Every structure is written in C-alpha cells, then in structure tokens.
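# Structure at a glance
Each chain is listed here by its residues.
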Amino acid sequence: MSLQGKVAVVTGAGRGIGQAIATVLAARGASVAVWDLNHEGAEKTAAAIQEAGGTAIAVVGDAAAAAGVAEAAARTRAELGRVSILVNNAGITAYQPFTSISEDAWDRMIGVNLKGPFLVTKELVPDMLEAGWGRIVNISSSSAQTGAPSMAHYASSKGGVISLTRALAIEYADQGITVNHVPPGFIDTPLVREGPIDVEAAAAHMPMKRAGSPEDVAYAVAYLASEEAGYVTGQTFSVNGGRHLV
Ligand code: NAP
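Definitions and cut-offs
Residues numbered from 1 in each chain as written. Predicted model: local features only at pLDDT ≥ 70, side-chain atom pairs only at ≥ 80, totals over all residues. Heavy atoms only, no water. Helix = DSSP H or I, 4+ residues; strand = E, 2+ residues; numbered from the N terminus. Rg over C-alpha atoms; globule rule 2.2 N^0.38 Å. Buried < 20%, exposed > 50% of the residue type's maximum accessible area, 1.4 Å probe, protein only. Contact = heavy atoms within 4.5 Å. Areas by Shrake-Rupley, 256 points an atom, 1.4 Å probe, with all protein chains shown as cover. Lys, Arg positive; Asp, Glu negative; His and termini not counted. Charge placed at Lys NZ, Arg CZ, Asp CG, Glu CD. 1 Å grid on protein atoms, 1.4 Å probe; cavity = no way out; pocket = protein on both sides within 12 Å on 5 of 7 lines; lining within 4 Å. Points joined across faces, edges and corners; volume = space filled by probe spheres on them. Expected span 1.5 Å × (residues − 1). Near = heavy atom within 4 Å. Polar contact = N/O pair within 3.5 Å; in protein donor to acceptor, adjacent residues only side chain to side chain.

## Overview of the overall build of the chain
- When helices and strands are counted, the chain shows nine helices and six strands.
- Its C-alpha atoms give the chain a radius of gyration of 17 Å, near enough to 18 Å, the size a compact globule of 246 residues would have.
- In terms of principal-axis extent, the alpha carbons of the chain reach across some 45 × 35 × 35 Å.
- The buried share of the chain, reckoned over its 246 residues, is 50%.
- A sequence separation of at least 24 residues applies to 72% of the contacts in the chain between residues at least 6 apart.
- Approximately 11100 Å² of the chain is accessible, and the part contributed by carbon and sulfur atoms is 54%.
- Charge centroids of the chain, computed over 17 positive and 23 negative side chains, lie 4 Å from each other.

So this is what it looks like as structure tokens:
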C-alpha cells in the first residue's frame, strides 16, 4: 500500500499516536507535515522521519485556532504541495466528575477535539476537491462508543467527531474523498501515562492482556489513507484489542 506522491498532514504528531501515524505514513512514501503545538516534539518526529529516508516538515501551531491552521496550511502547501491525506489526531483529555466540569473546561474540550478537526478539514478539503482525491481519517475514541465516567466533555467531543465523519463522508462520497474514523481503545501514550490510570494494572484486564501501541493505531490509519481503501467511507475502524465489540 504505497502512499508515494501523497502529501499528508497529521495533527498532534509531536508524540504518541500522531507521531506513530506520521512515521508509518512517511515509511509508505507520503511527504508528511507534522503539525503540533509542541515545537520540540514536532521537530523530533520530523527529524526521525528524515533520518529514516522519508520526507517530513515540522509545523508548529495550534490546530484548534483558525489563524494557526491557515498559517500551517500555507507553509505545508508551499513546502510539500497540495494536501491529499489529513489525519485529525490532535486532542486533549481530562477526568472530571460531571458536576465539576466548568463551562470553560467544556468549551476547551470541544474547542480542541471537535472544533479543531472542523477548522483543519475546512482549510484542507479544497485541496482534495481540486484533485478529486482525498483521505480524511479522524481519531475519535472508544469512550464515545461505550460512555466513560468522569469524561462527559471528552466523550461528547469525540461523539461529535464521529458525527462529523459521517456527515462529511456522505457530503463528499461522489468527489473522490473518503472520511473515516478510528476510535482507539487503551493505547500506551504520554497522554495516558500523565493521567490517573495505572497502565500496567489496566492492561492486565484487557482481552489481549496488553495496552495498544501507537503503531497499532497507525497501521489502521495507513490502510484508510491508501488507494486500496477507496470504497470505504463513513466507517468506524476500531483499534481496541477486542475490548469493545460492535
Ligand atoms: P498525546 O500523547 O497527548 O499526544 C497528542 C499531541 O497532540 C501532543 O503532542 C499535543 O501537544 C498535541 N496537541 C494537543 N492539542 C493540540 C492542538 N490544539 N494543536 C496542535 N497539537 C496539539 O495524546 P495521544 O494519546 O497520542 O492521543 C492522540 C489522539 O488519540 C487524541 O485525539 C486522543 O483523544 C485520541 N485517543 C487516545 C487514546 C489513548 O489511549 N491514548 C484513546 C482514545 C483516543 P502538547 O503536548 O503540547 O499538548
């Protein structure tokens, strides 16, 4: 499944799942724009891809702010060309009992996790429409499939991502653009390590007795980004080690 000649944007690719996605897409031949808030992370991901013989640029900016998105898109187009693959991966999480979620915390969660993909997709989809070919993969979450205590704002934001995926899949179905989402289950990333969960203890309760790796998610994304996935749109491609069966 070669991605030679394609230009991919991966948001939040400075670490964790996004870093693995950027690395796998580049290994398959895509030129990758590594978008992240974190300067050091973005540079590190791009440098590792270049060292492995791939093409990548680090683009520092906020994927949830219109001005930052426009700037990042302009740099990406100038340095790599028209974008044909978009992975909306950047996201934040928080654990808060429902009644302690403030209006600000709600707005921030929806702002980054749902408005972010809206802004980035709106900015980049014209490139795909012009080319008559595009792949959009949104990273949602199993918490939007199953519900999750103390994560009402997070689960709601990711539920919105699933609905955005389905709406755009139908809107662009006859224009060569597919739109799918990948809900990861429990993946061992810096985000999870920074949270309150004991990763090893939780992994022992998984059907496969392990947490997922960022690469587990990246391989699913690489398939959905490929030519071969051209008749797959509006779908859920769960990567959760059998933890949740639909
Ligand atoms: P992570 O380790 O925190 O990595 C996320 C990266 O995104 C960080 O480098 C972060 O930068 C960046 N970022 C955050 N907000 C951004 C913004 N507005 N603009 C640009 N970059 C931004 O997270 P992860 O675990 O890899 O998660 C990646 C995605 O998978 C998220 O959407 C998450 O909700 C989803 N997910 C993860 C799991 C899991 O088990 N890990 C499960 C389900 C869904 P900073 O560090 O500077 O904030």
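## Some thoughts on empty space enclosed by the protein
- Taken as a whole and judged by the stated rule, the model has one cavity of 30 Å³ or more.
- Its boundaries defined by the atoms lining it, the largest cavity holds a volume of some 30 Å³.
- Contributions of two or more residues to the lining of the largest cavity are made by β3 (55-60) and α3 (66-80).
- Looking at the lining of the largest cavity element by element, the count peaks at three residues for α3.

## Notes on helix α1 (residues 16-27)
- In this model, α1 (12 residues) spans 17 Å end to end at C-alpha, consistent with the 16 Å of a helix rising 1.5 Å per residue.
- The element α1 is largely enclosed, with a buried count of nine among its 12 residues.

## Description of the site of the ligand
- Close to the ligand lie 28 residues; Ile-17, Asp-36, Asn-89, Tyr-154 and Thr-189 are nearest.
- At a separation of 3.4 Å, an oxygen atom of the ligand approaches a polar backbone atom of Gly-185.
- In this structure, an oxygen atom belonging to the ligand sits 3.3 Å away from a main-chain N or O atom of Leu-191.
- Contact with the protein chains covers 91% of the free accessible surface of the ligand, which is 900 Å².
- Of all the elements in the fold, those that place two or more residues in the shell around the ligand are α1, α6 (152-171) and α7 (190-194).

## A look at unusual backbone geometry
- Here the phi dihedral of Ser-150 falls at roughly 60 degrees; this positive angle occurs in a residue that is not glycine.
- You can see Ser-150 is positioned in the loop between α5 (143-146) and α6.
- Taking relative accessible area as the criterion, Ser-150 reaches 32% and is therefore assigned partly exposed.

## So, the side chain of Ser-226
- If you trace the backbone, Ser-226 turns up in the segment after α9 (214-224).
- Residue Ser-226 is classed as buried on the basis of its relative accessible area, which comes to 0%.

Structural measurements only, silent on function.
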